[in-house]
Each structure stands twice: as C-alpha cells, then as structure tokens.
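Report on the structure
Take a look at the letters that make up each chain.
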Amino acid sequence: MEKKRRIKTAVLISGGGTNLQALIDAVSSGEIEHAELCAVISDNKDAYGLVRAEKAGIPRYTVEKRKAERNPDGSVNTEDRALKQAEFERELVGVLESTGAELIVLAGFLAILSEDFTKRYPERIINIHPSLIPSFCGKGYYGLKVHEAALAYGVKVTGATVHFVNEIPDGGRIILQKAVYVKEGDTPEILQRRVMEEAEWVILPKALEMVSADMAKSEALNR
Ligand code: GAR
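Attention in this report is confined to the structure presented alongside it. (Residues numbered from 1 in each chain as written. Predicted model: local features only at pLDDT ≥ 70, side-chain atom pairs only at ≥ 80, totals over all residues. Heavy atoms only, no water.)

Examining the overall build of the chain
Within the chain one finds 6 helices and 7 strands. Helices and strands appear in the chain in the N-to-C order β-α-β-α-β-α-β-α-β-α-β-β-α. In terms of C-alpha radius of gyration, the chain reaches 18 Å, essentially the compact-globule figure of 17 Å for 223 residues. Dimensions of the chain, computed from the C-alpha atoms along their principal axes, are close to 65 × 45 × 35 Å. Put simply, the chain has 223 residues, and 45% of those count as buried. Accessible area for the chain stands at about 12000 Å²; split by element, carbon and sulfur atoms hold 51% of it. (Helix = DSSP H or I, 4+ residues; strand = E, 2+ residues; numbered from the N terminus. Rg over C-alpha atoms; globule rule 2.2 N^0.38 Å. Buried < 20%, exposed > 50% of the residue type's maximum accessible area, 1.4 Å probe, protein only. Areas by Shrake-Rupley, 256 points an atom, 1.4 Å probe, with all protein chains shown as cover.)

Spelled out as structure tokens, the structure:
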C-alpha cells in the first residue's frame with residue numbers, strides 16, 4: 001500500500017503549549033492524518049511546550065529575539081529594533097529550512113512576524129487566536145488580554161479562530177471558528193480555559209488536518 005503523504009509541519013510556540021499538545025494528541029489518535037509534526041520552535045527557552053515536544057519525540061529548537069538597544073532618552077532605537085527583528089527572522093527561516101517544514105502553525109507564538117517573513121509563506125502559516133475575529137484581535141491582543149477585553153466589553157459570546165497569517169495582524173483568511181458562551185462570574189482565567197477546552201483544542205487540529213489534506217490533494221492532482 002502507498003504510504004500516506006504527510007505535510008511536514010513546524011509548530012511555533014512561546015509558552016505552555018496546550019495547543020501544541022492538542023496537535024500531538026490528534027496526530028497520535030489519527031484525527032490528523034495528512035500532517036506530521038517535524039519541529040517545535042520556541043522563542044522562549046523556558047516554554048513548557050518544549051518539554052511537551054521532547055516527551056513526544058519531536059525535534060525542538062529555541063530561537064530567541066534579542067532586545068533592541070535604547071536611545072539616550074530611554075526610547076527604543078527603532079533602527080536597532082528592525083535589525084534585531086531581521087536577525088531573528090533569518091534564524092527562524094534557517095531552522096525552518098533545515099527541518100524541511102512545508103507548513104507552519106503558530107500555536108500561542110507571541111512574537112511579531114514581519115511582512116518579509118509572512119510573504120515567504122503565503123497561505124502556509126496558520127494561527128490560533130482566542131476570540132471570534134474580527135473582535136478583540138490585532139496589535140496588543142494576545143493571551144489573557146483578549147479575554148480581559150471581551151469581559152470588559154460585556155460580550156455574551158466569544159470563541160476562537162484559526163486563520164491564515166498574512167502581513168495584517170490577525171487579518172488573514174479565516175479557516176475555522178467556534179463560539180463559546182461567556183458565563184456569569186467569569187474571570188479572564190476561567191474564560192480563557194473554557195475557550196481553550198471548548199474551541200481552541202477542537203478547531204486547531206481540525207484546521208491543520210483540513211489544510212494539510214488540501215495540500216496533499218493538490219500535490220497529487222499536479223503530479
Ligand atoms: C492560546 O490561548 C492562544 O490562542 C493564544 O495564546 C494561548 C497560548 O496557549 N494566542 C494568542 O493570543 C495569539 N494572538 P498555549 O501555549 O497553552 O497553547
């Protein structure tokens with residue numbers, strides 16, 4: 001029997017890696033059958049997600065962004081910031097190329113990626129965001145801040161979105177969304193957990209399977 005084509009997928013993380021774990025579990029259970037996790041890359045050497053990768057036997061890498069220098073008045077030196085960003089992305093691309101990654105999943109990866117980077121991988125980067133885009137998204141909305149903003153606004157329904165990544169923060173084409181009810185007495189932490197359990201860990205594996213299956217299919221058609 002012909003071996004199934006699996007799309008080599010790199011998962012980029014910054015922290016706990018519960019979304020990474022959902023992907024690892026979905027590959028083990030067979031829910032994901034068109035992707036293999038070829039690398040986990042963290043921009044934070046202490047991220048617990050790196051331990052999850054090690055336990056699952058996935059090659060892991062750390063690529064940290066160096067802090068930009070400050071001007072004498074204390075403001076960030078923008079030239080140096082651009083330089084450090086370019087250095088960071090060069091290193092990231094080097095690791096991605098060395099692993100042969102064909103698809104990239106941002107699973108709680110909190111570093112900003114420039115247009116130079118996203119343009120290299122059109123519709124080849126997917127991201128999970130913990131709200132129903134276009135609500136509570138874009139610059140400054142990440143992690144717990146998203147749920148704080150949703151509660152402060154008083155929305156009764158929130159959720160999660162998986163989308164392709166382009167040069168606009170959280171602006172790429174939507175792949176999947178799932179709604180989650182806000183409940184009386186929710187704190188940002190309680191809401192974050194419910195959004196993860198009911199939405200993120202469900203739609204991220206589904207989206208990876210959809211995108212990788214499409215890639216494998218179009219490759220077969222073009223052969
Ligand atoms: C997740 O809630 C993810 O949606 C969010 O960070 C958390 C990472 O958790 N991502 C963003 O806010 C991106 N804008 P995890 O490390 O346990 O997967």
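We are not done yet, so read on.
What about the sheet that holds strand β3 (residues 60-62)?
As summarised here, the arrangement of the 7 strands in space is β3-β2-β1-β4-β5-β6-β7, forming an open sheet in which the pairing is mixed. Bordering the open sheet on either side are β3 and β7 (174-181), each of which pairs with just one other strand. Here the strands of the sheet are splayed against their neighbours by 20° on average, with no regard to which way each runs. Across 4 bridges, strand β1 (residues 7-13) lies against strand β4 (residues 103-106) in parallel orientation. Among the inter-strand pairings, Thr 9 is bridged to a residue of β4, identified as Leu 103. Packed onto the sheet, helix α1 (residues 18-29) meets β1, β2 (35-42), β4 and β5 (125-129) and runs at close to 160° relative to β2. Across the sheet, helix α2 (residues 48-56) is in contact with β1, β2 and β3; its angle to β3 comes to roughly 155°. (Pairing = 2+ DSSP bridges. Axes fitted to C-alpha atoms, helices over the stretch in contact; angles between N-to-C directions. Contact = heavy atoms within 4.5 Å.)

Re the packing of aromatic side chains
Inspection of the entire model under this criterion finds 2 aromatic pairs. Ring plane angle 50° and centroid distance 5.2 Å describe the contact between Phe 117 and Tyr 121, whose orientation is recorded as tilted. The residues Phe 117 and Tyr 121 share a single accessibility class, namely buried. Here the aromatic rings of Phe 136 and Tyr 153 are separated by 6.1 Å at their centres, their planes lie at 70°, and the arrangement is edge-to-face. Of this pair, Phe 136 sits in the loop between β5 and α5 (144-153) while Tyr 153 sits in helix α5, and the two are 17 residues apart along the sequence. (Phe/Tyr/Trp six-rings, centres within 6.5 Å; stacked < 30°, edge-to-face > 60°.)

Topic: the site of the ligand
Taken together, 15 residues lie near the ligand, and Gly 17, Thr 18, Asn 19, Gly 143 and Glu 200 sit nearest. Asn 19 places a polar side-chain atom, nitrogen or oxygen, 2.9 Å from an oxygen atom of the ligand. In the model, an oxygen atom of the ligand is placed 2.7 Å from a nitrogen or oxygen of the Glu 200 side chain. Considering the ligand on its own, with 450 Å² of exposed area, one finds that the protein chains cover 91% of that surface. Looking at the shell around the ligand, the elements with two or more residues in it are α1, β5 and α6 (188-221). (Near = heavy atom within 4 Å. Polar contact = N/O pair within 3.5 Å; in protein donor to acceptor, adjacent residues only side chain to side chain.)

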